[in-house]
Amino acid sequence: MPATPEGPRRGRAAGAEPAASTIPPVTVPTEAVGGDPAAAAPAVTPDTGLVRRLLGGTGWQALAQMLPLVFNLALTPFIIHGLGVGIYGIFLLVVVIQQFVGSVDGGVGPSARRYFGMYAGRGDRAATTSLLVTLLVIVSGAATVLCGALFAAAPAVMAFFPGSAEDPDGSVFLLRVMIIIVGVAQVRGLFTQVLLTNNQFRLTALGDLLGFFAYAAMMIWTVNNGLGLFGVGLAFIAQQAMPTLVVLPAALRWLDRKAVRFVPRSLLGEFFRFAWKLQVSGVLTMVAAQGDAIFVGRFAAPQMTAFGTGASFAGTLRQIPMNAYAPMETSIVRALGASGPEGAAPEVARIQRLWVRFVAGWIAVGVPAAGFGVTAWLHLGTDLPGQVAAAVLLAHGVTLLMLVQRFWLNGLGRSGLTLSHDVLSTVVNLGLTLPLILTFGVLGTIAATLAAAVVAAVYLTWLAAHRTTHHLPTAWSEIPWLSVVGASALATALSWATARFLVGTVIPFGALSLLAIGAAAAPALLLYLGHTIGWRRVRGFAARFLSRGRRAEASS
């Protein structure tokens, strides 16, 4: 969940990442359309613009993330105190339920991204169009049935959680709105994948930004007029309308009108043999990522707001590097489509090296900054939000380190390996959560999540090394361990000093205190990046981010 929940994002199924969280011409020969796109790929020179498009796409994704984050610094405390801690807890709980429902799409979202990316790598708009038309019919029908059943069951679902008694009618209304939004978002997500796999990140970012500002305006109106959860539901409706109006028309120019037909049954069967594994993986990853909130909502409802805001902020910090999710996956599947596994491996290894080094530093500095910063930001009279934010961010970091390995395995068609990783993560998490929450409360749930993330990451490393023919270096081997420890120690000292001596005296509690603690920790991240990546490279990346969209689109 983001710091202030923002509803379903572009169909990023958790099974294709982590989680939370999926999720991105000439005609090729018929046999390439009917077979495995990776296997049918011609052996050509890898795209030399791979990293440039990765950085350009990430820049637009980051813009859509950072602007809402800045506004959320002021908006989140305003909403918490405006709605009330109890109502805000219901708000968070409904968003978690919506995310679980949204993860059930048959694995279509992440699988479409893989196939659309393969076809985009070969410039085959006809194959993309035929697959899109087929999936639209299937997804629309399935979403109507599933969402209709859950719409009817909404009162029983909310009655299961004691905290909803504070506003039972409002909670049911909000859940029903979110269920309808899930169906709309799953259909729109297919068009979004067409844009992402053609490197049209600017358009999807624009839709997200317009949606957020519509949401923010409606939430302010809701709080000022005392509309409670009914107003929250209207805010989410306004938010979802914006990206829908932007994405659908834009995606049409990447399709072939003459190819409006269903794909052959053989290709559809192949697609869903791949997709069902990602579906199970997505649900398992969602349970591992958000299952804690369900346990808290049921067994520790009074702590739902403190837990939810801390976990949400950790999710927001996680989402900043995750803005590279779609560009990275698109680059990897396009490279596989153009060059096959052997030709793509060197470029993918480069992407992993940069990714792991950045993520390791981001988490090393972010964990202590979040721990001190969130407590000062929300000022709820307890350290619990900060403790939750730090521990959950650390668990996210372990999962993020393995992201390129997941993309690689899925791109090779070995989604069964990532599925087994997700099964193990979920089993360990659920097996530990119930006894730990009953014994230690909320902190027990996040301890279970962290333990599960570590065990599953080690297991995925073993699978990638022993169960595939084409290997990447392990993520662990790319971590500069001494630099990570040094950056974390420096960030901890700077964050503690700011919180101890400045916050509450020189700097008021709230958004300014969070920004001050984050700014205090920032030099640790800059020193880390300069040491591990190099100042010249960091400046080059920054320059590419500033010119993010235009060059990426011109090269696509």
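This structure is a prediction, so every number in the text was calculated from the model and none was measured. (Residues numbered from 1 in each chain as written. Predicted model: local features only at pLDDT ≥ 70, side-chain atom pairs only at ≥ 80, totals over all residues. Heavy atoms only, no water.)

1. Brief notes about the environment of Pro473
Tracing the backbone through its elements, the reader meets Pro473 in the loop between helix H15 (442-466) and helix H16 (481-501). It is 8.8 Å that separates the C-alpha atoms of Pro473 and Arg353, two residues lying 120 residues apart in sequence. Residue contacts for Pro473: discarding those within four places in its chain leaves Ala349, Gln352, Gln405 and Glu478. (Helix = DSSP H or I, 4+ residues; strand = E, 2+ residues; numbered from the N terminus. Contact = heavy atoms within 4.5 Å.)

2. Points about the packing of aromatic side chains
Enumeration according to the criterion identifies 18 aromatic pairs in this entry. Ring centres of Phe173 and Phe230 lie 4.9 Å apart, and the angle between their planes is 35 degrees; on these two criteria the pair is classed as tilted. Pair noted here: Phe173 is in helix H6 (residues 168-196) and Phe230 is in helix H8 (residues 228-252), with a separation of 57 residues, a long-range link. Classification of Phe173 as partly exposed rests on a relative accessible area of 28%. Given the relative accessible area of 38%, Phe230 is considered partly exposed. Ring centres 6.2 Å apart and planes at 40 degrees place the aromatic pair Phe212 and Tyr215 in the tilted group. Highlighted residues: Phe212 and Tyr215, both in helix H7 (residues 201-224), separated by three residues, approximately one helical turn. Each member of the aromatic cluster is reached from another via a ring pair, and the members are Phe71, Tyr88, Phe91, Phe212, Phe213, Tyr215 and Phe236. (Phe/Tyr/Trp six-rings, centres within 6.5 Å; stacked < 30°, edge-to-face > 60°. Buried < 20%, exposed > 50% of the residue type's maximum accessible area, 1.4 Å probe, protein only.)

3. What about the confidence of the model for the protein chain?
Residue-level pLDDT values for the protein chain average 82, and 84% of them are 70 or greater. Averaged pLDDT values over the elements of the protein chain bottom out at 30 in helix H1 (residues 30-34) and peak at 96 in H16. Residue range residues 1-48 is modelled with pLDDT below 50. Its contacts to residues more than four positions away, or to other chains, number 176 contacts. Across residues 548-556 the pLDDT falls below 50, and counting only partners more than four positions away or on other chains, this stretch makes 22 contacts in the model. (pLDDT = per-residue confidence, 0-100.)

4. Some thoughts on the nonpolar core
Membership of the largest hydrophobic core comes to 121 residues, with the highest contact counts inside it found for Leu83, Phe91, Tyr215, Phe236, Trp355 and Trp408. The element contributing the most residues to this core is helix H11 (residues 325-378), with 25 residues. Counting 26 residues, the second-largest nonpolar core is a separate cluster that includes Phe116, Leu131, Val194 and Trp254. (Core = buried A, V, L, I, M, F, W, Y, C linked by side-chain atoms within 4.5 Å.)

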